[in-house]
Amino acid sequence: MIAGTLQTDPRSGGIKKSSGVKVLPEVAETWAKIRDDRNMEVDWLIAGYVAGSKTDITVVASGAGGPSACAAALPDGEPVFGGCRMSNGRFQGFYYVSENTSSMKKGRASMHKNGVLNVLEGRDGEIDMKPGYVE
């Protein structure tokens, strides 16, 4: 191992493994609409698991109204990922799990977090989204 590199770093000879998450195209398509300055119909999205799937991610909600509207739409008991256009024009991502989410779902979602948020190109940070969030 080369000093300072992880086992998954190609320089160390390790094999980089995928988390196994499959983000469906509608997530990237909805995010592209959010990033489009001409579009005022949607400025946030919430992505979650397709019903009955442990790996497929789709858009479960989207809309306008900013981060507070997004926070009001967060589901209870299911892990979700998403992104918002902030009032200052920046784009932020988030990962949210409620207290009522099972430990197995929390663990699986935490392993998929980076894979999902990487689809949200152009975001420049992460916010601590939760019910009642106010920008």
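Residues numbered from 1 in each chain as written. Predicted model: local features only at pLDDT ≥ 70, side-chain atom pairs only at ≥ 80, totals over all residues. Heavy atoms only, no water.

Focus on the overall build of the protein chain
Part 1 of the reasoning: Per the secondary structure count, the protein chain includes three helices and five strands.
Part 2 of the reasoning: Listing every helix and strand of the protein chain by position from the N terminus yields β-α-β-β-α-β-β-α.
Part 3 of the reasoning: Burial statistics for the protein chain: of 135 residues in total, 39% are counted as buried.
Part 4 of the reasoning: Within the protein chain, contacts between residues at least 6 apart in sequence are counted, and of these 57% link residues at least 24 apart. (Helix = DSSP H or I, 4+ residues; strand = E, 2+ residues; numbered from the N terminus. Buried < 20%, exposed > 50% of the residue type's maximum accessible area, 1.4 Å probe, protein only. Contact = heavy atoms within 4.5 Å.)

Comments concerning helix 3 (residues 103-117)
Part 1 of the reasoning: Taking 1.5 Å per residue, 15 residues should reach 21 Å; helix 3 reaches 21 Å between its end C-alpha atoms and fits that length.
Part 2 of the reasoning: Those residues of helix 3 not exposed but buried are Ala109, His112, Val116 and Leu117. (Expected span 1.5 Å × (residues − 1).)

Quick notes on the sheet that holds strand 3 (residues 56-63)
Part 1 of the reasoning: Spatially, five strands are ordered 1-3-2-4-5 in an open sheet, and the strand pairing comes out mixed. Across the chains shown, the open sheet's two edge strands, defined by having one partner strand only, are strand 1 (22-23) and strand 5 (91-96).
Part 2 of the reasoning: Pairing of strand 1 with strand 3, which is carried by two bridges, proceeds in the parallel orientation. Bridge pairing in strand 3 links Val23 to Ile57.
Part 3 of the reasoning: Along the sheet, helix 1 (residues 25-35) contacts strand 1, strand 2 (44-49), strand 3, strand 4 (80-85) and strand 5; its crossing angle with strand 3, the most-contacted strand, is approximately 30°.
Part 4 of the reasoning: Across the sheet, helix 3 is in contact with strand 1, strand 2, strand 3, strand 4 and strand 5; its angle to strand 4 comes to roughly 35°. (Pairing = 2+ DSSP bridges. Axes fitted to C-alpha atoms, helices over the stretch in contact; angles between N-to-C directions.)

With respect to the packing of aromatic side chains
Part 1 of the reasoning: All chains considered together, the criterion is met by three aromatic pairs.
Part 2 of the reasoning: Seen in terms of ring centroids, Trp31 and Phe91 are 5.9 Å apart; in terms of plane orientation they differ by 75°. Their pairing is edge-to-face. Of this pair, Trp31 sits in helix 1 while Phe91 sits in strand 5, placing them 60 residues apart in sequence.
Part 3 of the reasoning: For Phe91, a relative accessible area of 8% gives the class buried.
Part 4 of the reasoning: Taking 6.2 Å as the distance between ring centres and 70° as the angle between the ring planes, the aromatic pair formed by Tyr49 and Phe81 counts as edge-to-face. Of this pair, Tyr49 sits in strand 2 while Phe81 is found in strand 4, placing the two residues 32 residues apart along the sequence.
Part 5 of the reasoning: Here Tyr49 falls in the buried class, since its relative accessible area comes to 16%.
Part 6 of the reasoning: Under the relative-accessibility criterion, Phe81 is labelled buried at 0%.
Part 7 of the reasoning: Joined through ring pairs, the aromatic side chains of Tyr49, Phe81 and Tyr95 make up one cluster.
Part 8 of the reasoning: Between the NZ or CZ atom of Arg35 and the centre of the ring of Phe91, over which it lies, the distance is 4.4 Å. (Phe/Tyr/Trp six-rings, centres within 6.5 Å; stacked < 30°, edge-to-face > 60°. Lys NZ or Arg CZ within 6 Å of the ring centre and 35° of its normal.)

Notes on the pattern of salt bridges
Part 1 of the reasoning: Applying the stated criterion across every chain yields a total of six salt bridges.
Part 2 of the reasoning: Asp124 is paired through a salt bridge with Arg90; the nearest N and O atoms lie 2.6 Å apart. Placement of Asp124 in the segment after helix 3 and of Arg90 in the loop between strand 4 and strand 5 is noted, with a sequence separation of 34 residues between them.
Part 3 of the reasoning: In this structure Asp124 comes out as partly exposed when scored by relative accessible area, which is 38%. (Salt bridge = Lys/Arg side-chain N within 4 Å of Asp/Glu carboxyl O.)

A word on the environment of Lys105
Part 1 of the reasoning: Along the polypeptide, Lys105 turns up in helix 3.
Part 2 of the reasoning: Classification of Lys105 as partly exposed rests on a relative accessible area of 29%.
Part 3 of the reasoning: Considering only alpha carbons, one finds Lys105 and Gly77, 28 residues apart in sequence, at a separation of 9.0 Å.
Part 4 of the reasoning: In this view, Lys105 contacts Gly77, Glu78 and Pro79; residues no more than four positions away in its chain are not counted.

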